[in-house]
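Okay, here's what each chain looks like letter by letter:
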Amino acid sequence: MNGLVPRTVAMLLGMALIAAGAGVMLGAHWGWGLFCSGVLALLVYHLRHLAMLGRWVSGPSTETVPESSGIWDDVFSKLYRRQRGEIRQRRRFARLLARSQQAGRALPYGVTILDAERQIVWCNDSAEAHFSISMEGDVGQAVTNLVRQPEFAAYINRGDYAEPLELTTARKEELILSIQMVPYVESHHLLLSRDVTQAHKLGIVRRDFVANVSHELRTPLTVLIGFLETVRDLKLDATRSRDYLNLMAEQGRRMQRIIEDLLTLSALESAPQPPGGERIDMAALLAQVRNEAEALSAGRHTISFEAEAGVDLAGNAGEIASAFSNLANNAVRYTPAGGSIRIQWRAVGEGAEFSVADNGIGIDAEHLPRLTERFYRVDRSRSRETGGTGLGLAIAKHALARHQATLAIASEPGKGSRFSVRFPKSRVRAAQPHSVAVDITSAGATFAQDLTPIHQYKT
Amino acid sequence: MGSDHLSKQFDNDLEALRSQVLQMGGLVEAQVRGAIQAFSNGDLALADQIVAAEVRVNAFEVQIDTDCSHIIVRRQPAATDLRLIMAITKTVTDLERIGDEAHKVARMARQIHERGVVEVGRFANIRHTGDAAVNMLRQALDAFARLDVEDAGRIIAEDRAIDFEFKSVIRQLITYMMEDPRTISTALEIIWIAKAIERIGDHAKNICEQVIYIVMGTDIRHTKPEKDEDGKLLQKN
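**Student:** Before we go on, may I ask you to explain the overall build of chain B in this structure?
**Tutor:** Each helix and strand counted, chain B has six helices and zero strands in total. Starting at the N terminus and ending at the C terminus, chain B contains elements arranged as α-α-α-α-α-α. For chain B, buried positions account for 40% of its 237 residues. In chain B, the share of contacts with a sequence separation of at least 24, taken over all contacts with a separation of at least 6, comes to 78%.

Shown next as structure tokens:
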């Protein structure tokens, strides 16, 4: 007896029995009256619950099933259980959906879901960045309305997506994207996009590098061969031929320097371990840097030198020396005779800083980001005559990066440049007590201390 | 049921029309970008390509205009739909003009670089103005795609920056011409390019005005935009 209908029938039968009893005892009127009011009460009870059910059904789906009593309770509690089950299920699905969407969002690839009309259904964060679209406003928009490059529309409409498309985006900072369409459920498509800008740049750098190396080596070689042929073919007097031989030796040394620098670079790149914690005697190292710079300058510049005692580094002495020398020698090379150069070594905060400032020709801001590229030259003719190989800064940057140091340049054309190297706390050691400060200060020169275009190199 | 189907078909027609305008926009965008690049880098092959692709821009214009007339005749659109179609015909004209300007820039770039006397690095300012115009055109088309009135209003204001840069380019060129009269013929050609770029900015601005017309039904050409206290554009109901 748990169904609504059997129980109602049973109640009616019960009421009929009681009414019949009352009818027998008190008369037919009473009997009928009792029966009618009983039926009426039952009707009211049913109607009320029907109304409750009606209200609940037409209300929001999250509203809980109303409580009730009596024979309707059975129905309502079953409904309640089912509702609870459904809510649980719905929550589980929502969680699953959210999780898979989060996974989609977090992908490093751009993912955009397109429907059969090529309208955007969904996209992740990377896709938003790649195409400058947004999930908020652009759902339902045809993707070709926003990514309007003709080659993109051609690719989308071609229907053959075996090969990815390389697309240069028209946005402010140009990205090179590799794009591919993948068929998906019900004539939907996934539009995958991958940022290949860096790979492209690397490809260009590699290509340029090979071209540059060949060019840099060919130039002295051409000169060398020219002289060799002259010496072979012509009868020259002793002084002439000595001059020529000297020039040839110089070109030979130039080639040697370039090859040595290339070997240094490749050694730096391929050395697996970052240099360890071996203590460097900075006083000796800095003295060496200074001697080299003074020898290169040969008295044409005023070179001042300040080194704070008690600040030593941990690392590879050879690499640090080559980085510092390259910076100091560059300053000598690019500062006209009569200029001033200041080399400083000091503790800054918890770290240490090596800096080379000059009042030389300075560097245009547009060159700063590319300055540490191999063979990058601001002014081709000028750099070669100063005897640089074009690899000095590349070596310095590599060597410093291996010591977690950062290289920053501040420069202004006509005023001078300041190259500074910061070492982190982890690389700095308190020096041995016997080291002596070397401090020679020159008078009156102004330096590029706080120039505006500062470029910091990623290391 | 029948009328439902018809209006759905009509919606599709309008949507297809809008997509076509934006594809034409994409082509024109690429043309302008390429023309400026050809001028800055002296890429003659690229300049030739731009000149050749002008035909495609014109074909787009004719096609879209025909489609617009067909829709007007067949559907007799009213209210928003009519506004959209009116705006599309005007936008297409603007786009075609931008295409012409790009074509002009590419042709001039060819002439200048074939003679090979000018060092364009000195005219970096043109590149800058050109990039600003390309950017403005791109944003105008984005606003058209999204029917974004706020953006459209903002871009209209940007046009003044381009006008300002145009004037500064002219001033710069005048100083070059005074310094060295041999640069005059090239400088004159560069003025043409600068003028073309400035016109591209104007046409992009027109497109934005059409966006506002589509959404709000207000014709804001030759007027100052009405704004409420919050600085938002007033919507006509």
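Further notes follow.
**Student:** Looking at this model, I keep getting lost on the interface of chain B and chain A. Mind explaining?
**Tutor:** By a frequent convention, interface size equals the accessible area lost on bringing the separate parts together. Each partner contributes residues to the interface: chain B has 15 residues there, and chain A has 13 residues. Counting only elements with at least two residues in the side of chain B that touches chain A, the list comes to α1 (2-41) and α4 (124-146) of chain B. In terms of residue class, the side of chain B that touches chain A is built from five nonpolar, five polar and five charged.

**Student:** I keep staring at the pairing of strand β9 (residues 340-348) of chain A and nothing clicks. Help me out?
**Tutor:** Walk down a regular strand and you will see the side chains alternate between the two sheet faces. Residues and elements named next belong to chain A. In terms of strand pairing, strand β7 (residues 302-307) meets β9 through six bridges, oriented parallel. Looking across to β9, one finds that Thr302 is bridged to Ser340. In this sheet, strand β10 (residues 351-358) lies alongside β9 in antiparallel orientation, the contact comprising eight bridges. Residue pairing across strands places Ala347 opposite Ala352, the latter belonging to β10. Following β9, the chain reverses through two residues before pairing antiparallel with β10; Gly349 in that reversal takes a positive phi of roughly 60 degrees.

**Student:** Looking at this structure, I do not really get the sheet that holds strand β2 (residues 120-123) of chain A. What am I missing?
**Tutor:** Strand pairing in a sheet relies on backbone hydrogen bonds, with the paired strands running either antiparallel or parallel. All names here are of chain A. Strand order in the open sheet formed by five strands is β2-β1-β5-β4-β3, and the pairing between neighbours is antiparallel. If you trace the sheet from one side to the other, it starts and ends with β2 and β3 (165-168), each paired once. Mean inter-strand twist for the sheet, computed between neighbouring axes without regard to direction, equals 25 degrees. Of the strand pairs in this sheet, β3 and strand β4 (residues 176-183) are connected by four bridges, and their pairing is antiparallel. Looking at β4, one finds that Leu167 is bridged to Leu177.

**Student:** Is there a simple way to think about unusual backbone geometry in this case?
**Tutor:** Leaving glycine out, the prevailing phi sign among residues is negative, and the prevailing peptide bond configuration is trans. Positive phi is not limited to glycine here, since Ala298 of chain A has a value of about 50 degrees. Owing to 9 C-beta atoms within 10 Å, Ala298 of chain A belongs among the exposed residues under this scheme. One non-glycine residue, Ala79 of chain B, adopts positive backbone phi at about 50 degrees. In this fold, Ala79 of chain B is placed in helix α3 (residues 79-115).

Rules and cut-offs
Residues numbered from 1 in each chain as written. Chains lettered and ligands numbered in written order. Predicted model: local features only at pLDDT ≥ 70, side-chain atom pairs only at ≥ 80, totals over all residues. Helix = DSSP H or I, 4+ residues; strand = E, 2+ residues; numbered from the N terminus. Buried ≥ 20, exposed ≤ 12 C-beta atoms within 10 Å, placed from the backbone. Contact = placed C-beta atoms within 7 Å. Nonpolar A, V, L, I, M, F, W, Y, C, P; charged D, E, K, R; others polar. Pairing = 2+ DSSP bridges. Axes fitted to C-alpha atoms, helices over the stretch in contact; angles between N-to-C directions.

Everything listed is a geometric property; what it means functionally is a separate question.
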